[in-house]
Amino acid sequence: MSADQGFLGLSNPESLLDRHPTLSGTEIVEQLVPPRQFQSATLDSYRPDRDFPSQGAAVAAIRNFAADSGRSGGLFSRRRAPAALPGVYLDGGFGVGKTHLLAALWHLMPDRKYFGTFIEYTALVGALGYAPTVALLKGASIICIDEFELDDPGDTRLMSRLLSDLVASGSRIAATSNTPPNALGEGRFAAQDFLREIDALAARFTTLRIDGLDYRRRHFEGHAATVADGDLDAAIAGVEGEITVDGFDDAVRHLASVHPSRYFKLVDGLDAIALTDVHELANQTDALRFVAFVDRLYDAQVRIIATGTPLDEIFPEEMLAGGYRKKYLRATSRLIALTAGHL
């Protein structure tokens, strides 16, 4: 079903396909703050699971890192005290609260400070150029990088150089990832050919391993929710606010025409999106774009209404068995929450 077939008597409901966002370097910089649901995150509002002591230990370590912010940056030997390292790296599975802790750290640090996803920082370099980006970010009290991932050699070289220059300026770095720093890039490209760069990245961080269960599964069990075709109109009518309606294939094709760094503007102002005729994805490039889109939907807390295959079943087994498995599992967890309708 396409958007122009009409719902609830509307001959032309809004569509994602009508949105063609542009993004300047200035606009990227303005967005380098925690997502909406973490705008008031604190260490005290984080609720460690007592069954996983590493969560409480991470809270204490983040508090100490913030208190230690007056120390000089620079690159120190791994044999020195962990507090001497200029960066902290939160490694753990999805749904254990890494982004909450990262945002809480950002709130504790003095201005100037930045918070963004890995893709936003690489997009900033693309928009401004390398030297202007360094000039803008250098000297910041903290640079928080959420979802730190190396998908290709270009990212590896860029981030190794960027973090080196920023640390040399006295900035401190904090990052989250589903992958330990010394294993970045594994299964995605010939990471063994870039061990020097990857080891240089890892050496800048004190790594905090955070174990635990996906907190979203504490509230939402089972599969991503779907609605029957005959119930779609009623589901759309129940949305208070702005909603777009698109066929799944149309939306996936449109994502290919928009750079992932602009996805946050693609969903700006929306309260919900409806996707019809959802099915399993066959192309990994499409799947990775959709994962990036889901991340932005989750950041903006945009509900999803879907017909067809449950959205947690759109990534085939061969994709889940590959190097992007953790990305897909994170997206699956978020899709279950976004379709539950209780954001």
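What counts and how
Residues numbered from 1 in each chain as written. Predicted model: local features only at pLDDT ≥ 70, side-chain atom pairs only at ≥ 80, totals over all residues. Heavy atoms only, no water. Helix = DSSP H or I, 4+ residues; strand = E, 2+ residues; numbered from the N terminus. Expected span 1.5 Å × (residues − 1). Buried < 20%, exposed > 50% of the residue type's maximum accessible area, 1.4 Å probe, protein only. Contact = heavy atoms within 4.5 Å. Polar contact = N/O pair within 3.5 Å; in protein donor to acceptor, adjacent residues only side chain to side chain. Core = buried A, V, L, I, M, F, W, Y, C linked by side-chain atoms within 4.5 Å. Salt bridge = Lys/Arg side-chain N within 4 Å of Asp/Glu carboxyl O. Pairing = 2+ DSSP bridges. Axes fitted to C-alpha atoms, helices over the stretch in contact; angles between N-to-C directions. Parallel < 35°, antiparallel > 145°, perpendicular 65-115°, else oblique. Nonpolar A, V, L, I, M, F, W, Y, C, P; charged D, E, K, R; others polar.

*Asks:* How should I be thinking about helix H6 (residues 153–168) in this particular structure?
*Replies:* Since one α-helical turn is 3.6 residues long, residues separated by three or four positions face the same way. Spanning 16 residues, H6 covers 23 Å between terminal C-alpha atoms, matching the ideal 22 Å at 1.5 Å per step. Residues Asp-155, Thr-156, Leu-158, Met-159, Ser-160, Leu-162, Leu-163, Leu-166 and Val-167 constitute the buried set of H6. In this structure, the buried side of H6 is in contact with helix H4 (118–128), helix H5 (130–137), strand E3 (142–146), strand E4 (172–177), helix H7 (195–202) and strand E5 (205–210). Two or three places before Gly-154, at the start of H6, stands the capping residue Asp-152, its side-chain oxygen 2.9 Å from that residue's backbone nitrogen.

*Asks:* I'm lost on the nonpolar core in this one. Help?
*Replies:* Looking at soluble globular proteins, one finds that nonpolar side chains tend to be buried together. Formed by 38 residues in total, the largest nonpolar core has its most connected members in Phe-248, Phe-290, Phe-293, Ile-304, Leu-311 and Phe-315. For this core, the secondary structure elements donating two or more residues are helix H10 (248–255), helix H11 (263–266), strand E7 (272–278), helix H12 (284–300), strand E8 (303–308), helix H13 (317–320) and helix H14 (325–340). Ala-140, Leu-163, Ala-175 and Ile-198 belong to the second largest nonpolar core, which has 33 residues in total.

*Asks:* Help me understand the pattern of salt bridges, please; the structure alone is not making it clear to me.
*Replies:* Pairs may arise between side chains of opposite charge once their charged atoms sit close together. The tally for this structure, following the rule as stated, stands at 16 salt bridges. Among the salt bridges present, the one from Glu-147 reaches Arg-334, with a minimum N-O distance of 3.5 Å. Here Glu-147 is found in the loop between E3 and H6, whereas its partner Arg-334 is found in helix H14, with 187 residues between them in sequence. Looking at Glu-147, the relative accessible area reads 11%, which means it is buried. A relative accessible area of 7% means that Arg-334 is categorised as buried.

*Asks:* Please clarify how the environment of Lys-265 should be interpreted in this entry.
*Replies:* Following the sequence through the fold, Lys-265 ends up in helix H11. Owing to a relative accessible area of 25%, Lys-265 belongs among the partly exposed residues under this scheme. Remark: the alpha-carbon pair of Lys-265 and Arg-19, spanning 246 residues in sequence, is separated by 8.8 Å. Other than its neighbours up to four places away in sequence, Lys-265 contacts Arg-19, Pro-21, Thr-22, Leu-23 and Glu-27.

*Asks:* Can you help me understand the sheet that holds E8 in this one?
*Replies:* Pairing between the strands of a sheet is mediated by backbone hydrogen bonds and can be parallel or antiparallel. Strand order across the open sheet formed by three strands is E6-E7-E8, with parallel pairing between neighbours. Of all strands in the sheet, those bounded by a partner on one side alone are strand E6 (243–247) and E8. If you compare each strand with its neighbour and ignore which way they point, the axes differ by 15° on average. Across the face of the sheet, H10 comes into contact with E6 and E7 while running at roughly 100° to E6.

*Asks:* Is there a simple way to explain the packing of H4 against H6 in this structure?
*Replies:* Two quantities define a packed helix pair, namely the angle between the axes and the distance from one axis to the other. It is at 11 Å that the axes of H4 and H6 come closest, and there the two elements cross at 80°. Our classification of the angle between H4 and H6 gives roughly perpendicular. Counting all contacts with H4, which are made through Phe-118, Thr-122 and Val-125, the residues of H6 involved are Asp-155, Leu-158 and Met-159. In terms of residue class, the contact of H4 with H6 is made up of four nonpolar, one polar and one charged.

*Asks:* Looking at this model, I keep getting lost on the environment of Asp-49. Mind explaining?
*Replies:* Relative to the helices and strands, Asp-49 is located in the loop between helix H1 (25–30) and helix H2 (53–67). A polar contact is formed between the side chain of Asp-49 and the backbone nitrogen of Asp-51, at a distance of 2.9 Å.

*Asks:* I keep staring at unusual backbone geometry and nothing clicks. Help me out?
*Replies:* In most cases, non-glycine residues show a negative phi, while peptide bonds are predominantly trans. The peptide bond linking Asp-111 to Arg-112 adopts the cis configuration, its omega dihedral lying at -5°. Within the fold, Arg-112 resides in the loop between helix H3 (98–108) and strand E2 (113–117). One non-glycine residue, Asp-277, adopts positive backbone phi at about 55°. The residue Asp-277 is located in strand E7 in this model. Its identity as a non-glycine residue notwithstanding, Gln-301 has a phi of 55°, on the positive side.

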